[in-house]
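What follows is the residue order along each chain.
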Amino acid sequence: MRRIVLGSGKGGVGRSTLTANLGLAIAKMGKTTVVLDASLTTPNLGAMFKLEKVPYTLNDVLAGKIPLSDVIYRGPSGLKIIPAGVTLDQVKKALPNRLPEVLKELPIKTEFLLIDAPGGLRRETVAALRAGQEVLLITLPEIAAASDMMKTRLIADFFGLKPIGVVINRVLQEEFELTSLEIGHLLNLPVLAEVPEDVNIKKAFNLGKIAVDASPKSPASKAIKALAKKLVEMRTRKSTA
Ligand SMILES: Nc1ncnc2c1ncn2[C@@H]1O[C@H](COP(=O)(O)OP(=O)(O)OP(=O)(O)O)[C@@H](O)[C@H]1O
Ligand SMILES: [Mg+2]
């Protein structure tokens, strides 16, 4: 199983949107895929799949109340979703440090686990990074987001995660933006995708849908599907090496 953390540094860069869309794109390629919301205090991955009212969440598992299998929900195209709890009570009782341990309960046939890791340096951020093997870094094409992303990369290095590359989100192709070349140099990592600013992302979300499903031919969906292909092929090369 590949355990990929989607980390950003700064919040609000589109990490949850990317986790949902990328997870769905990989699932559509026939891979057994799980997306997990590790943003325990500000979760929103569940809501993207209309799971905000489910009886149990990852928080209950981290509180030691129930097994992980009770909070693996079915999404479109066979994608599995592990949402986090939205109520204050659920937030208080979860022990983020238990995340790496509880993930050992994931079904053996899982091929991809995508972890939506919160920004900053919170306990839950560290727990999310400790639970992963690889990290995909997401930024906007601007200096503030890119420099915060560098800090996340350093923390990921500290925990021994393999940085696989950078995704630049909400690209407008304007002159004032940082370029892909600049961001790649800054982190000394390949830029795996540039996802354009695309109104279809929000349109799908407001309809309770995911863009790669609702508007597969939109510019952002195309970029995310190409990224999914790269990630899946990366694995093929590794396993046949
Ligand atoms: N490529 C895109 N084009 C247009 N809008 C986008 C794109 N990606 C994300 N968004 C929008 O940006 C906003 C923030 O996205 P999202 O909630 O996924 O960010 P986040 O990094 O998970 O934030 P948080 O740190 O609060 O969890 C949302 O309104 C989302 O619809
Ligand atoms: Mg989010």
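Everything below is about the structure printed above this text.
Residues numbered from 1 in each chain as written. Chains lettered and ligands numbered in written order. Predicted model: local features only at pLDDT ≥ 70, side-chain atom pairs only at ≥ 80, totals over all residues. Heavy atoms only, no water.

> Honestly, the side chain of Ser215 in this entry has me stumped. Any pointers?
With respect to the element layout, Ser215 can be found in the loop between helix H10 (211-214) and helix H11 (219-240). Here Ser215 falls in the buried class, since its relative accessible area comes to 15%. (Helix = DSSP H or I, 4+ residues; strand = E, 2+ residues; numbered from the N terminus. Buried < 20%, exposed > 50% of the residue type's maximum accessible area, 1.4 Å probe, protein only.)

> Explain the packing of aromatic side chains here, please?
Aromatic ring pairs are defined here through the distance separating the ring centres and the angle between the ring planes. Across all of its chains, the model carries one aromatic pair by this definition. With centroids separated by 5.2 Å and ring planes inclined at 85°, the aromatic side chains of Phe158 and Phe159 adopt a geometry described as edge-to-face. Residue class for Phe158 comes out exposed when judged on its relative accessible area of 69%. (Phe/Tyr/Trp six-rings, centres within 6.5 Å; stacked < 30°, edge-to-face > 60°.)

> I keep staring at the packing of helix H7 (residues 143-158) against helix H8 (residues 180-187) and nothing clicks. Help me out?
Helices that pack against each other are described as a pair by the angle of their axes relative to one another and the distance between those axes. Where H7 meets H8, the axes come as close as 10 Å, and the angle between the chain directions of the two elements is 30°. Regarding the angle of H7 to H8, the classification is roughly parallel. The hand of the H7/H8 crossing is right-handed. Across the interface between the two elements, Ala146, Met149, Met150 and Arg153 of H7 pack against Ile183, Leu186 and Leu187 of H8. A breakdown of the residues in the contact of H7 with H8 according to their chemical character gives six nonpolar, no polar and one charged. (Axes fitted to C-alpha atoms, helices over the stretch in contact; angles between N-to-C directions. Parallel < 35°, antiparallel > 145°, perpendicular 65-115°, else oblique. Left-handed = near helix turned anticlockwise from the far one by under 90°. Contact = heavy atoms within 4.5 Å. Nonpolar A, V, L, I, M, F, W, Y, C, P; charged D, E, K, R; others polar.)

> Where do I start with the site of ligand 1 in this structure?
By nearness alone, 16 residues border ligand 1, and Gly12, Arg15, Ser16, Thr17 and Arg170 come closest of all. One of the side-chain N or O atoms of Asn169 is found 3.0 Å from a nitrogen atom in ligand 1. Relative to its unbound accessible surface of 640 Å², ligand 1 loses 81% to contact with the protein. Going through the elements one at a time, helix H1 (15-28), strand S7 (162-171), strand S8 (191-196) and helix H9 (199-206) are the ones with two or more residues in the shell around ligand 1. Ranked by residues supplied to the shell around ligand 1, first place goes to H1 with three residues. Along the lines of polarity and charge, the residues of the shell around ligand 1 split into four nonpolar, seven polar and five charged. (Near = heavy atom within 4 Å. Polar contact = N/O pair within 3.5 Å; in protein donor to acceptor, adjacent residues only side chain to side chain. Areas by Shrake-Rupley, 256 points an atom, 1.4 Å probe, with all protein chains shown as cover.)

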